Structure formats: C-alpha cells, structure tokens
Amino acid sequence: MVVQHVIGDPGLVALYLTAYMLIALAVLTVIFIAISSKKRRVTPIYLSGEPEDVIKEHVPAPGHLYWGFMKRFAHRIYEYLVGKMHTGNLQDWISFMASWYGLLLLISIILGIIYVYMR
C-alpha cells in the first residue's frame, strides 16, 4: 500500500530518489576519503628551463586541462568521433544527430509507458 502511494506521486518519487542519491554520494565520499593516500607528491614546475617568474599563476589554464585529458586518456574516443563526424559531409552529422535524438526519444517513450503502466 505504501509502495503504491509513493509510485503514484511523482514528487515523492523524485524526493526519495534524490535522497537515495545523496546517501550514495555521502557513502562514496567517505570511502574515497578513507582509501585515498594522505601523502602529497610535490614536484617543481617544469618550464623548459625558464625561471618561475615568467608565468603569473602556477596553475594550468582550464583549456589546457581539457586538452591534456583528451590527449592522454580519451585519445581513442576522440579519434573515433573525429573520424566519424568530421568527414566534411553535412549529411553524416545530420544522420548521427537524428539517430542520437531518436534513441533519446525512444528511451523517453519507453519510460513514459512504464510509468503509466506502473500507475
């Protein structure tokens, strides 16, 4: 009876899901803090032999962080997407986007039907 009452009210479902996600986030944060290393490795900044006063701040720019991540960790994904999307043909991009939006529309329709059926 309680489950049927909760499923019937989308506000309560959203509230419960948010609470569960926050609890899961708190648990994962505690686990991360517990297992993370307490030691910090401090190394000097490498500036190709230049002194450190040639830069204003000792932090990288956000754009450099993004491209550093893309080049080091997501290189295969990036190359695959560039190879598929940057063909020079607009029809390739349109078909990719239409299939992606179609998949999202299909998922939303299925979830809507499941929601109506569960009511």
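Up top is the structure these notes are about.
Residues numbered from 1 in each chain as written. Predicted model: local features only at pLDDT ≥ 70, side-chain atom pairs only at ≥ 80, totals over all residues. Heavy atoms only, no water.

S.K.: When you look at the overall build of the chain in this model, what are you seeing that I'm missing?
M.R.: Summing up its helical and strand segments, the chain has five helices and zero strands in all. For the chain, the N- to C-terminal ordering of α and β elements is α-α-α-α-α. By the burial criterion, 5% of the 119 residues in the chain qualify as buried. With an accessible surface of roughly 11400 Å², the chain has 70% of that area assigned to carbon and sulfur atoms. (Helix = DSSP H or I, 4+ residues; strand = E, 2+ residues; numbered from the N terminus. Buried < 20%, exposed > 50% of the residue type's maximum accessible area, 1.4 Å probe, protein only. Areas by Shrake-Rupley, 256 points an atom, 1.4 Å probe, with all protein chains shown as cover.)

S.K.: Got a minute to help me understand the environment of F96 in this structure?
M.R.: In this fold, F96 is placed in helix 5 (residues 90–118). When its relative accessible area of 38% is taken as the criterion, F96 is described as partly exposed.

S.K.: Can you help me understand the environment of K84 in this one?
M.R.: If you trace the backbone, K84 turns up in helix 4 (residues 75–85). Spatially, the C-alpha atom of K84 lies 9.0 Å from that of F96, the residues being 12 residues apart in sequence.

S.K.: Would you explain the packing of aromatic side chains in this entry?
M.R.: By convention here, two paired aromatic rings are described through the distance between centres and the angle between planes. Applying the stated rule across the entire model yields one aromatic pair. Where F69 meets F73, the ring centres are 5.8 Å apart and the plane angle is 40 degrees; that geometry is what we call tilted. The class for F73 is exposed, based on a relative accessible area of 62%. (Phe/Tyr/Trp six-rings, centres within 6.5 Å; stacked < 30°, edge-to-face > 60°.)

S.K.: Teacher, can you tell me more about a nonpolar patch on the surface here?
M.R.: Taken together, the side chains of W100, Y101, L103, L104, L106, I107, I110, L111, I114, Y117 and M118 make up a nonpolar region of the molecular surface, amounting to roughly 1200 Å² of accessible area. Position of M118 relative to the elements: it lies in helix 5. Accessibility expressed as a relative area gives 48% for M118, which makes it partly exposed. (Patch = residues over 30% accessible without salt bridge, like charges linked within 9 Å, V, L, I, M, F, W, Y side chains within 5 Å. Salt bridge = Lys/Arg side-chain N within 4 Å of Asp/Glu carboxyl O.)

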